[in-house]
Amino acid sequence: MDIDWKTVIIGLVLAIVLGLILSVILGEWGGTIGYLLATIYVGYTVGGDYMNGAIHGAWLVLFPP
């Protein structure tokens, strides 16, 4: 299986941006919620079955911002 690195990198940038914005709005939990939303985005965007999405989401978890 090939890893879609473009989607993983977009998810990483999205995690940083959402984490910063939501941490200002929601406090300390905002960063965690932004990171979770970015991981869900990566898993959903790559398409395919659930295992493909889980693997791509895991790559984002392995390389936190």
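In short, a report on the structure. Remember, predicted model here, so these are calculated numbers, not experimental data. (Residues numbered from 1 in each chain as written. Predicted model: local features only at pLDDT ≥ 70, side-chain atom pairs only at ≥ 80, totals over all residues. Heavy atoms only, no water.)

Points about the overall build of the chain
Next up, step 1: Scanning the chain from N- to C-terminus turns up three helices and zero strands.
Next up, step 2: Walking the chain from its N terminus toward its C terminus, one meets helices and strands in the order α-α-α.
Next up, step 3: Rg of the C-alpha trace for the chain: 12 Å, near the compact-globule value of 11 Å for 65 residues, within the 12% margin.
Next up, step 4: Along the first, second and third principal axes, the C-alpha atoms of the chain reach 40 × 20 × 15 Å.
Next up, step 5: On the chain, roughly 4,400 Å² of surface is accessible, and the fraction owed to carbon and sulfur atoms is 74%. (Helix = DSSP H or I, 4+ residues; strand = E, 2+ residues; numbered from the N terminus. Rg over C-alpha atoms; globule rule 2.2 N^0.38 Å. Areas by Shrake-Rupley, 256 points an atom, 1.4 Å probe, with all protein chains shown as cover.)

Examining the nonpolar core
Next up, step 1: In this structure, Val8, Ala15, Tyr35, Ala38, Val42 and Leu60 together form the largest nonpolar core, which totals six residues.
Next up, step 2: Element by element, the count of residues in this core is highest for helix α2 (residues 28–45), at three residues.
Next up, step 3: What Leu60 contacts, discounting residues up to four positions off in sequence, is Val8, Gly11, Leu12, Tyr35, Ala38, Thr39 and Val42. (Core = buried A, V, L, I, M, F, W, Y, C linked by side-chain atoms within 4.5 Å. Buried < 20%, exposed > 50% of the residue type's maximum accessible area, 1.4 Å probe, protein only. Contact = heavy atoms within 4.5 Å.)

Quick notes on α2
Next up, step 1: For α2, with 18 residues, the first-to-last C-alpha span of 27 Å sits near the 26 Å given by 1.5 Å per residue.
Next up, step 2: By the burial criterion, the buried members of α2 are Gly30, Gly34, Tyr35, Ala38, Thr39 and Val42. (Expected span 1.5 Å × (residues − 1).)

Concerning the side chain of Thr7
Next up, step 1: With respect to the helices and strands, Thr7 occurs in helix α1 (residues 5–26).
Next up, step 2: Those residues in contact with Thr7 that lie beyond four places of it in its chain are Val42, Thr45 and Val46.

Thoughts on the environment of Ile10
Next up, step 1: Mapped onto the elements, Ile10 comes out in helix α1.
Next up, step 2: A relative accessible area of 38% places Ile10 in the partly exposed class.
Next up, step 3: Counting along the chain gives 28 residues from Ile10 to Ala38, while the straight-line C-alpha distance between them is 8.8 Å.

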